[in-house]
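Overview (structure and organization)
As a plain string of letters, each chain reads:
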Amino acid sequence: MDTVTITGNPLALEELLAIVDGARVELASDARTAIAASRAVVDRALAGNEAVYGMTTQVGHGKDTRLSEEEIRGEQMFLVMSHSGGIGPLLPTPQVRAALAVRLNGIARGGSGASLEAAEVLAAMLNAGVHPIVPEIGSVGAADLGPMAGMAQVAIGQGQAEYQGDVLSGGDALRRAGMTPLILSGRDGLALISANGVSIGHAALVVARAERAADAADLAAALSMEATAANPSIIHPSVARAKPIAGQAAAADHLRELLEGSGLMEPDAAHSVQDALSFRVVPQVHGALRDAVMIELNASDDNPLASVPDQTMISNGNFHPMALAIACDALRIAVAQVGQLSERRLAHLWEAFFRQMTTPPAGAYGLQLRYPAAALFAELKQLAAPATLDIPPLDLGVEDHATAAPLTVRKTDAALGLLEDILAIEVLLAHDVITTAASKPVIGVGTAHAFRMVEEAITAADPLPDAVHRALRERFPAAAASI
């Protein structure tokens, strides 16, 4: 899609991914109305000199310290400039665009109290390709204060940004893009930084990657089933009906599609009564990966919340993305389980290869990568440990709990990368088994595509196992979803 309209209604994952890929964004009239309505609540609170966190009071442990009128005027700028600490690798551009889009969507839903000008500058930055340069490590998951402040700095002409391939000051980037820096007012500074745009945006990208990984896992398992003449009874529709779990049924359906036309599906095909569990429970384990996928893409995470019906500012804890963080911890366990199944199937493929081998073949790249796959699984298993319990108390004990959302999302992204590496090795070893078989099995329509993908990778790469693996990873699992 070329343009995504931010309406104030839930933003679909596909729409967010389109924005990440460069689609333009527009604010619908109903979103503008919602923004104006919540901003009116902020203006009312300021006019009445109410005690409102982060507007007429300090933040953190200074929550009960009132600000003078002069301090109120400078507070929003102070919040943006004082919270932008971060270290480590820079956030990749897709994650930056996702974070900007998530914050824009949150403001458009109402409740943030941000001005229309604040929303418009985020939209303009996305449309012009002004991408803030933000270090990866700077949030404990109780609002992504550090990285979001780095993005807000660019919106006001400070900080650093990438624009058309050049690294510039925020002010220079905006000027080159024909934009005017935002002048903070009301609650704009806190609204821009006290949100979980980085964690939620990155999690959305991880969700999309997990969906691709689930499809890739099905493809690898299907090819291994053909290489070892496995029993296809595990994907019979009656099995899924007997245990109606959506992810399990989806995995079984996909496996049947991949194996359509395969010799395994012939009524008189020779196979064992039942196979090892690493084959037999593929729908259940791959289904668990599908069922673990969830995000908080359309949550309102502002504190204080501008409540239009009550015409008041409400202190709350919606900035705490606990559900998202726990979901990512759970997702990594599901990812590790899928990786464990793949690693176990590799053992059966190894046995099948040597059982049928007569003359050592040239290449056999999957065979050569069997031990690296075991090493990868050991690392994948370590990543399955929870991250959400590890943040210490901060700010004189006032901020005595955090979700570690950015950390758990990063770990999940890394775990998916390891899983994809292991699955690619499984596909390579299944290819080795099939090509060295005395009688070549008839493979399915979907698995034939995977087989050709391996052949293309081998042809394109230098005759070295790591080079072949890299060439296959350029194609897999990206192409798995289209098979």
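Preceding this paragraph is the structure being described.
Notes on the structure in this doc start here.

Conventions we followed
- Residues numbered from 1 in each chain as written.
- Predicted model: local features only at pLDDT ≥ 70, side-chain atom pairs only at ≥ 80, totals over all residues.
- Heavy atoms only, no water.
- Helix = DSSP H or I, 4+ residues; strand = E, 2+ residues; numbered from the N terminus.
- Buried < 20%, exposed > 50% of the residue type's maximum accessible area, 1.4 Å probe, protein only.
- Contact = heavy atoms within 4.5 Å.
- Pairing = 2+ DSSP bridges.
- Right-handed = clockwise from strand over helix to strand, strands pointing away.
- Expected span 1.5 Å × (residues − 1).
- Arc of directions from axis to C-beta.
- Core = buried A, V, L, I, M, F, W, Y, C linked by side-chain atoms within 4.5 Å.
- Lys, Arg positive; Asp, Glu negative; His and termini not counted.
- Salt bridge = Lys/Arg side-chain N within 4 Å of Asp/Glu carboxyl O.

Description of the side chain of histidine 286
- Relative to the elements of secondary structure, histidine 286 occurs in helix H13 (residues 282-291).
- Residue histidine 286 is classed as buried on the basis of its relative accessible area, which comes to 1%.
- Those residues within four positions of histidine 286 in sequence are excluded, and the remaining contacts are Ala217, Asp218, Ala221, Ala251, Val338, Leu341 and Arg345.

Topic: the pairing of strand E2 (residues 24-27)
- Only one face of E2 is covered, namely the one carrying Val25 and Leu27; the face carrying Arg24 and Glu26 has none of its residues buried.
- Sheet analysis places strand E1 (residues 3-6) next to E2, joined by 4 bridges and oriented parallel. By the bridge assignment for E2, isoleucine 6 is matched with leucine 27.
- Handedness of the crossover joining E1 and E2 through helix H1 (residues 13-20): right-handed.

Some details on helix H2 (residues 29-47)
- With 19 residues, H2 should reach 27 Å at 1.5 Å per residue; the first-to-last C-alpha distance of 27 Å fits that figure.
- All of the buried residues in H2 are Ala31, Ile35, Ser38, Arg39, Val41, Val42 and Ala45. When H2 is viewed along its axis, its buried side chains cluster within an angular range of 145° and face the same direction. For H2, the exposed residues set more than 90 degrees away from the buried face come down to Ser29, Thr33 and Ala47.
- Positive backbone phi, at 55°, marks asparagine 49, one or two positions downstream of H2.

Observations concerning the sheet that holds strand E6 (residues 160-163)
- As summarised here, the arrangement of the 3 strands in space is E4-E6-E7, forming an open sheet in which the pairing is antiparallel. Unpaired on one side and paired on the other, strand E4 (131-132) and strand E7 (166-169) mark the two borders of the sheet.
- Alignment of E4 against E6, held across 2 bridges, turns out to be antiparallel. Bridge pairing links histidine 131 to glutamate 162 in E6.

With respect to the nonpolar core
- The biggest cluster of nonpolar side chains holds 133 residues, and the ones touching the most others in it are Ile6, Leu104, Met125, Val130, Met151, Leu472 and Phe476.
- With 18 residues, helix H9 (residues 197-227) is the single largest residue contributor to this core.
- Non-local contacts of methionine 151, meaning those with residues more than four positions away in its chain, are made with Leu91, Val96, Ala99, Leu100, Met125, Pro132, Val134 and Val198.
- Grouped together as the second largest cluster of nonpolar side chains are 7 residues, Ala45, Val52, Met55 and Met313 included.

Let's talk about helix H5 (residues 116-128)
- Taking 1.5 Å of rise per residue, the 13 residues of H5 would be expected to cover 18 Å, and the 18 Å separating its terminal C-alpha atoms lies within 8% of that figure.
- Within two residues after H5, glycine 129 carries a phi angle of roughly 80°, on the positive side.

A short note on the side chain of glutamate 75
- Within the secondary structure, glutamate 75 is located in helix H3 (residues 69-82).
- Although glutamate 75 is buried, it forms no salt bridge, and the closest oppositely charged side chain is arginine 187 at an N-O distance of 11 Å.
- Among all residues touching glutamate 75, those that are not within four sequence positions of it are Gly54, Thr57, Gln58, Val59 and Leu67.

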